[in-house]
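Structural features, examined
Chain by chain, the residues:
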Amino acid sequence: MSVASELRTPSAPSAIRLLPAPGQPSTGPDLLAYLSASRLKCWQTCRRQFYYRYVERLIVPTAPALFIGRQIHAVLCRWNWAKWKEEPLTRGQLRDFLAQHWEEEATAEPFPIPWKQPGDEIIARDQAWAMLETYFDQCPVPPEEKPEGVEVEVECSLGDGIPPLFGIIDLVRPGGKIVDYKSAARSPGGEMAAHQHATQLAVYGLIYRGTTGTQESGFEVHHLIKTKVPKVIVSTYGPLSAAMESELFFLIDDYLEGIAREAWVPSPGQHCAWCDHLALCRKRSGL
Ligand code: SF4
């Protein structure tokens, strides 16, 4: 399979966003314009959910956990970005950035974040900072290590007839170690984390190879855990295996065929408990 690709480290953090977030105005049908880990993962989880998110483009309130995760992610990006520029930021600057970013994003949301009780937002922001401070204290990356890439936008051609694969990799450590950040309420089991994130890691591995012409040295998933006393758990994995790559192409085939057939089949299961469209889905399914 011929793979041509392009890697860019953008000039400013504000310019890093390449993919339209779900719900943003679209210039037209773009389901086949590109592939991404989030699209493929959503397709894999439930085709009906994919339909609501990417075809009907329903806009729903952002869940608090997702909002918090985005803020944590933004601070980590800014932190790594400053390291990459060799202009490290102080804790005070990072905390100020969190507060400012939080405020701006909350204001820009199409709906208010559905906090359960008044005061929950302040508690959540303090928790987010506690998780970040724990990460800064326990980070497995040496402070003097300069990143190879931060929020790296990657575009990779998979050949004729297949939409290009896009992705934004959180961090690439020297030697081609791909790092992804996750914030979660519970500690992940090592094998379960690999299973849950297999599609995302396979996408990142493929686009990294297509971009650099070299094999990644492996993956690290840095989990920031929101326990009473926050924890950091790092799951490490070897390079993308041939079996994982093969599974990804099976999935891409299924995605392309399913979209052509408009096969928006619902997949009821435990994951419905945290689906944004549960009520609508139940109603339309006559449940
Ligand atoms: S509620 Fe379940 S079946 Fe319905 S769209 Fe969501 S994930 Fe799919």
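Quick caveat, the model's predicted, so the values are computed rather than measured.

1. A closer look at the side chain of Asp170
Topologically, Asp170 is positioned in strand β4 (residues 165-173). From its side chain, Asp170 meets the backbone nitrogen of Tyr181 in a polar contact 2.8 Å long.

2. Details of the side chain of His277
Tracing the sequence through the fold places His277 in the loop between α8 (242-261) and α9 (278-284). Classification of His277 as buried rests on a relative accessible area of 5%.

3. Examining the site of the ligand
Around the ligand, the neighbouring residues are Cys46, Arg48, Gln49, Pro266, Ser267, Pro268, His271, Cys272, Cys275, Leu278 and Cys281. For the shell around the ligand, the secondary structure elements donating two or more residues are α2 (47-55) and α9. Residue composition of the shell around the ligand, grouped by class: 7 nonpolar, 3 polar and 1 charged.

4. Some thoughts on the environment of Ser187
With respect to the helices and strands, Ser187 occurs in the loop between β5 (177-184) and α6 (190-196). Contacts of Ser187, omitting those with residues within four sequence positions, involve Ile225, Lys231 and Ile233.

5. Here we look at unusual backbone geometry
The backbone phi angle of Arg57 is positive, close to 55°, even though this residue is not glycine. Examined against the element boundaries, Arg57 turns out to sit in the loop between α2 and α3 (64-84). For Glu86, which is not glycine, the phi torsion reads 60° and is therefore positive.

6. Considering the packing of aromatic side chains
For the structure on display, the rule yields 17 aromatic pairs. Aromatic side chains Phe50 and Tyr54 sit 4.9 Å apart centroid to centroid with 45° between the ring planes, which places their arrangement in the tilted category. Of the two residues, Phe50 and Tyr54 both sit in helix α2, 4 residues apart, roughly one turn of that helix. Exposure remark for Tyr54: the relative accessible area of 7% places this residue in the buried category. Ring plane angle 65° and centroid distance 6.1 Å describe the contact between Trp129 and Phe136, whose orientation is recorded as edge-to-face. A relative accessible area of 11% places Phe136 in the buried class. What links up through ring pairs into an aromatic cluster is the set Trp43, Phe50, Tyr51, Tyr52, Tyr54, Tyr255 and Trp264. The ring of Trp84 has Lys146 sitting right over it, with the charged end atom 5.9 Å from the ring centre.

7. Observations concerning the nonpolar core
In globular proteins that are soluble, nonpolar side chains generally tend to be buried together. Grouped together as the largest cluster of nonpolar side chains are 36 residues, with contacts concentrated most on Phe50 and Leu165. Among the elements of the structure, α1 (37-45), α2, β3 (149-156), β4, α7 (198-212), β6 (218-225) and α8 are those that each provide at least two residues to this core. Look past the residues within four positions of Phe50 in its chain and what remains in contact with it is Leu31, Arg39, Cys42, Trp43, Val55, Tyr255, Ile259 and Trp264. Leu94, Phe97, Trp115 and Tyr181 belong to the second-largest nonpolar core, a separate cluster that totals 30 residues.

Here is what the cut-offs are and how they apply
The written sequence of each chain sets the order in which its residues are numbered from 1. Per-residue local features are limited, in this predicted model, to residues with pLDDT of at least 70; the limit for side-chain atom pairs, both in listing and counting, is 80 or more; totals at the level of whole chains, interfaces and linings are taken over all residues. Side-chain numbers come from the whole structure's heavy atoms, not from hydrogens or water. Each helix is a run of H or I in the DSSP string that is no shorter than four residues. Each strand is a run of E no shorter than two, and both are numbered from the N terminus. N or O atoms within 3.5 Å of each other form a polar contact, as long as, within protein, one can give a hydrogen and the other can take it, and as long as residues adjacent in sequence are counted only when both atoms are side-chain atoms. We call a residue buried when its accessible area falls under 20% of the maximum for its residue type, exposed when it is over 50%, and partly exposed in between, using a 1.4 Å probe and counting protein chains only. Nearness here has a simple test: a residue counts as near a molecule or strand if at least one of its heavy atoms is within 4 Å of that partner. Gly is put with the polar residues, along with every residue not named as nonpolar or charged; the nonpolar set is Ala, Val, Leu, Ile, Met, Phe, Trp, Tyr, Cys and Pro, and the charged set is Asp, Glu, Lys and Arg. Between two residues, a contact is recorded if the distance between any of their heavy atoms is within 4.5 Å. Between the rings of Phe, Tyr and Trp (Trp by its six-membered ring), a pair exists once the centres lie within 6.5 Å; its type follows the angle of the planes, with under 30 degrees stacked, over 60 edge-to-face, and the other angles tilted. Cation placement over rings: the criterion is NZ of Lys or CZ of Arg within 6 Å of the ring centroid and within 35° of the ring normal. To define a nonpolar core, start from buried Ala, Val, Leu, Ile, Met, Phe, Trp, Tyr and Cys residues and group those joined through side-chain atoms within 4.5 Å.

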